[in-house]
Amino acid sequence: MNVPNPLPKPPGRLFEARRKVFPRKVDGTFRRLKWAIMVATLAIYYLTPWLRWQRGAYAPDQAVLVDLAHRRFYMFSIEIWPNEFYYVVGLLLMAAVGLFLVTSAVGRAWCGYACPQTVWTDLFVHVERFIEGDRNAQLRLERAPWGVEKVARRTAKFTSWLLIAALTGGAWIFYFADAPTLARQFVTGNAPAVAYATVGVLTATTFIFGGLMREQVCIYMCPWPRIQSAMMDERSLSVTYREWRGEPRTRGLKRSQESEAPTGDCIDCEACIAVCPTGIDIREGAQIGCITCGLCIDACDQMMTRIGRPTQLIGYLTELDADHERRGELAISPIQRLFHPRTIAYFLIWAGIGCAMLFALGNRARIGVSVLQTRNPIWVRLSDGAVRNGYLIKIRNMEERPRRFAISLDGMDALLWDEQSGRGSAARRIVVTADADQVAQRQIFLATSTRGEARTSIDFTVRALDAEGGLARATSFFERPEATP
Amino acid sequence: MSDEKRVDEATGTETVGHEWDGIEELDTPMPRWWLITLFGTILFAIGYCFAYPSIPLLHSSTAGYLGWTSHGQLDAELAADHARKAPILAAIARTPIERIADDPRLLAAAQEGGKAAFKVNCTQCHGSGAAGAKGYPNLNDDDWLWGGDIKAIHQTLEHGVRYPGDDATRMSQMPAFGRDGILKADKIDDVVSYVRFVSHQEPFNTSARRGKGIFAQNCAACHGAEAKGNRQIGAPNLTDAIWLYGGDRQTITETVTNARYGIMPAWGQRLDPVTVKMLALYVHSLGGGEKLPPADPAK
């Protein structure tokens, strides 16, 4: 078997190692758009927990607060109890359908501009550029042996990244507690352990995802690009190289001008590759690595302007546009492109959920009642022969002020009493005070001497005793022995 | 089949030397991270054996230098739980029982504690829902042998009923009218008719008419002229709808003939005062609890 191997020595690896990306700085329309979106999204993320919203004396004054300890979710004027979690489900559905809508209308705009992975990677890339210089300086530093300068620059870079990562993780916890209080506790070491753990984990993930892994998250880890490929069609925008204009490309402007044969506009300057944050060559066509951030468009336009050729050699185009252009026809209008059955269907679903939620929010009850019939024992014979049943009545006062409620009974002629008043003071209704934004519960009893079915359906009505009013009902049963004397 | 080892071209790794139908197996070494994990777990296991009880010996096991035991852990958790409850238990201890209801939170805590203690100590006789059984009172209803206000319930719980070991126990004894020959069988039959009449179970017939006189002579001293009972001595109200042992003719006859002598332990001897207090508050909350009689201004 020891035949000399005629093949060249194999690389010994069955996978392709990552080629580190050193994106070059670029300026242009889409770069400025990215700046604006980055500032806006980061500002929303960092500042939201610090917004205040006065809710009166009985509720926190933080505008957006997920109060897990007390099981309340506050969002400006909306307060959600755990039993209203369907509003959160609705929001998540809207987010999902909204993403579908955006994808079928403008392609991977989410990936290119608004995804946290993109935004933070972009931020980290800028910090890196500020400390280590632009692409060429970074490449030089990468190849340079370890020396004072390299150590200093790398330390500065990693420290800055770590600081940003820590602030990112740090901002997250403020959504779950009163931000100023938690900030003070956090700095003085008095915050709950879970706060430190959360900050630790998020600092690590931010640092690793934004600083070290970057485009690999998009290409290998994220399921969204795969899902999107199923949602994109010939009407979806994607970054397209106008190969019918660019090809055949020539290496350099000079060669292009001197060439006898017809040449395309592309001078193969590779500016599009140099600026790409995922390190792809857009001229190879649509690919999973393209997050459609448009930076190659900026780079190419710059170059085309400099050499005096028409811009938009690379641009946002749909497949339909590309076909039309290639055949020399007029491009379809943006309105025609945006309004097609799929986008309209997505929009209708999205808007439908939104309207249903708004309607439900506007009409939702702020009083809730649930009745738990005492099951052990189901009924009790009293000394006068009457049969008594017991009920645990829980009243949810979802208003941010204490309220008084009257519990009354429908469907049966019987008096009510609770364990504090006793049967002697039984009455048609029982008044209960519920604290602001709390559940009040009361064990109540009712008894009857009348004969009847072993199981009678009864309704409890809980009515608010203030100017605003409002009521809630709950059905329960009254049970008695089969043979009532 | 070839048994010669060779180096695979594509990977540069040696094969194990076997070949089946042209398929060979590479002798790829275990990945370093995998080996490190394996050796790490072995080291951890050795350390664990020293740190924790692990090696079984004849009667016990090695103790482990951390000194951990499951009993010790349980003790620590119980101690932590007791420490957590201590302030509220102290508050219950120092508040007079009739004043606890003034603080709804204290009352709720006491009732919850009483509910838990009830499940351990009382359900054997009174049932898990306190609905009682024959001979064991239903604590949910409004009929109380010895009184249903919070102080009376507390007194009954603390000192028990006819409990031999407690001087302050609730004490009374009904004569065994038949067994001891106080009343003949026919007289007993008549008095039972009368009791069945006052409890609205039978009409006022001739037997009951005869029984009325017998009742006045023999029973009214304890049960009252109107048969409404006497809580001072735990004599039941015979006119209501609730029967501890049964209200049918046969059971009442049996009761009059042999008497009854229900016993409840004095829980003050078995449980700490706070638990007894909490139990009383829980029983009082079951629906039949009565208000305290207004304080006597003379006292």
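Residues numbered from 1 in each chain as written. Chains lettered and ligands numbered in written order. Predicted model: local features only at pLDDT ≥ 70, side-chain atom pairs only at ≥ 80, totals over all residues.

## Comments concerning the overall build of chain A
(1) Moving on: Looking only at helices and strands, one finds 17 helices and 14 strands in chain A.
(2) Moving on: A globule of 485 residues ought to have a C-alpha radius of gyration of about 23 Å, yet chain A, at 34 Å, is considerably larger.
(3) Moving on: In terms of overall dimensions, chain A has a C-alpha envelope of 115 × 65 × 60 Å along the principal axes.
(4) Moving on: Expressed as a percentage of its 485 residues, the buried residues of chain A come to 28%.
(5) Moving on: Nonlocal contacts in chain A, meaning residues at least 24 apart in sequence, comprise 68% of its contacts between residues at least 6 apart. (Helix = DSSP H or I, 4+ residues; strand = E, 2+ residues; numbered from the N terminus. Rg over C-alpha atoms; globule rule 2.2 N^0.38 Å. Buried ≥ 20, exposed ≤ 12 C-beta atoms within 10 Å, placed from the backbone. Contact = placed C-beta atoms within 7 Å.)

## Quick word on the interface of chain B and chain A
(1) Moving on: Each partner contributes to the interface: chain B provides 23 residues, whereas chain A provides 20 residues.
(2) Moving on: When the residues that make up the side of chain B that touches chain A are grouped by side-chain class, the tally is 4 nonpolar, 10 polar and 9 charged. (Nonpolar A, V, L, I, M, F, W, Y, C, P; charged D, E, K, R; others polar.)

## Considering the domain arrangement of chain B
Residue and element names in this part refer to chain B.
(1) Moving on: When cut into domains, chain B gives domain 1 (77-161 + 264-284) and domain 2 (185-258).
(2) Moving on: Between the C-alpha centres of domain 1 and domain 2 there is a distance of 32 Å.
(3) Moving on: Considering only residue class, the side of domain 1 that touches domain 2 consists of 5 nonpolar, 2 polar and 3 charged. (Domains from an automatic or database assignment.)

## A word on the environment of Leu74 of chain B
(1) Moving on: Along the polypeptide, Leu74 of chain B turns up in helix α2 (residues 70-94).
(2) Moving on: The spatial distance from the C-alpha of Leu74 of chain B to the C-alpha of Asn237 of chain B is 49 Å, given a sequence separation of 163 residues.

## Examining the packing of helix α6 (residues 185-198) of chain B against helix α9 (residues 249-258) of chain B
Residues and elements named next belong to chain B.
(1) Moving on: Between α6 and α9, the least distance of the axes is 10 Å, while the angle of their chain directions is 125°. It follows from the interaxial angle that α6 and α9 lie oblique. When the axes of α6 and α9 are compared, the crossing they make is right-handed. Residues Ile188, Val191, Val192, Val195 and Arg196 of α6 lie in contact with α9, whose contacting residues are Arg249, Ile252, Thr253, Val256 and Thr257.
(2) Moving on: Classifying every residue of the contact of α6 with α9 gives 6 nonpolar, 2 polar and 2 charged. (Axes fitted to C-alpha atoms, helices over the stretch in contact; angles between N-to-C directions. Parallel < 35°, antiparallel > 145°, perpendicular 65-115°, else oblique. Left-handed = near helix turned anticlockwise from the far one by under 90°.)

## Topic: unusual backbone geometry
(1) Moving on: For the peptide bond that leads from Glu247 of chain A to Pro248 of chain A, omega is -10°, which places it in the cis range.
(2) Moving on: As for its position among the elements, Pro248 of chain A is in the loop between α11 (243-246) and α12 (253-258).
(3) Moving on: Unusually for a residue other than glycine, Ala130 of chain B sits at a positive phi of about 60°.
(4) Moving on: Owing to 24 C-beta atoms within 10 Å, Ala130 of chain B belongs among the buried residues under this scheme.

## Focus: the sheet that holds strand β1 (residues 64-67) of chain A
Residue and element names in this part refer to chain A.
(1) Moving on: What the 3 strands build is an open sheet, ordered β1-β2-β3; its pairing is antiparallel. Across the chains shown, the open sheet's two edge strands, defined by having one partner strand only, are β1 and β3 (78-80). Pairs of neighbouring strands in the sheet enclose a mean axial angle of 10°, with direction left out of account.
(2) Moving on: As paired strands, strand β2 (residues 72-75) and β3 are joined by 3 bridges and run antiparallel to one another. Among the inter-strand pairings, Tyr74 is bridged to a residue of β3, identified as Glu79. (Pairing = 2+ DSSP bridges.)

## Structural notes on the environment of Lys5 of chain B
All names here are of chain B.
(1) Moving on: In this structure, Lys5 sits in the segment before β1 (15-20).
(2) Moving on: A count of 13 C-beta atoms within 10 Å places Lys5 in the partly exposed class.
(3) Moving on: The spacing of Lys5 and Glu24 is 19 residues in sequence and 9.9 Å in space, taken between C-alpha atoms.
(4) Moving on: When residues no more than four places from it in sequence are discounted, the contact partners of Lys5 are Glu14, Thr15 and Gly17.

## Remarks on the sheet that holds strand β9 (residues 403-410) of chain A
Residues and elements named next belong to chain A.
(1) Moving on: Sheet architecture is open: 4 strands sit in the order β11-β9-β13-β14, paired in antiparallel fashion. Two strands lie at the open edges of the sheet, namely β11 (429-434) and β14 (471-479), each paired on one side alone. Each strand of the sheet is rotated relative to its neighbour by a mean of 25°, with strand direction disregarded.

## A short note on the domain arrangement of chain A
(1) Moving on: Assigned domains within chain A: domain 1 (29-84 + 100-229), domain 2 (233-332) and domain 3 (367-479).
(2) Moving on: Across the contact, 5 residues belong to domain 1 of chain A and 5 residues belong to domain 3 of chain A.

## Some remarks on the packing of helix α1 (residues 29-47) of chain A against helix α14 (residues 295-306) of chain A
Residues and elements named next belong to chain A.
(1) Moving on: For the pair α1 and α14, the least separation of the axes is 7 Å and the interaxial angle reads 145°. Every residue of α14 that contacts α1 at Thr29, Phe30 and Arg31 is listed here: Leu295, Ile297 and Asp298.
(2) Moving on: For the contact of α1 with α14, the per-class residue count stands at 3 nonpolar, 1 polar and 2 charged.

## A short note on the nonpolar core
A general tendency of soluble globular proteins is for nonpolar side chains to be buried together.
(1) Moving on: Among the nonpolar cores identified, the biggest contains 30 residues, and Cys272, Val275, Leu295, Cys296, Ala299, Cys300 and Ile314 of chain A are the most heavily contacted of them.
(2) Moving on: Put simply, the parts of the chain that give this core at least two residues each are α3 (109-114), β4 (238-241), α13 (271-275) and α14 of chain A.
(3) Moving on: Here the element with the most residues in this core is α14 of chain A; it accounts for 7 residues.
(4) Moving on: Counting the residues that make up this core, at least three belong to each of domain 1 (29-84 + 100-229) and domain 2 (233-332) of chain A.
(5) Moving on: Ignoring anything within four residues of it in the chain, the contact list for Ile314 of chain A reads Val239, Tyr241, Cys272, Ile282, Cys296, Ile297 and Cys300 of chain A.
(6) Moving on: If you look at the next biggest cluster of nonpolar residues, it comprises 25 residues, including Ile100, Leu107, Ala266 and Trp267 of chain B. (Core = buried A, V, L, I, M, F, W, Y, C linked by C-beta atoms within 7 Å.)

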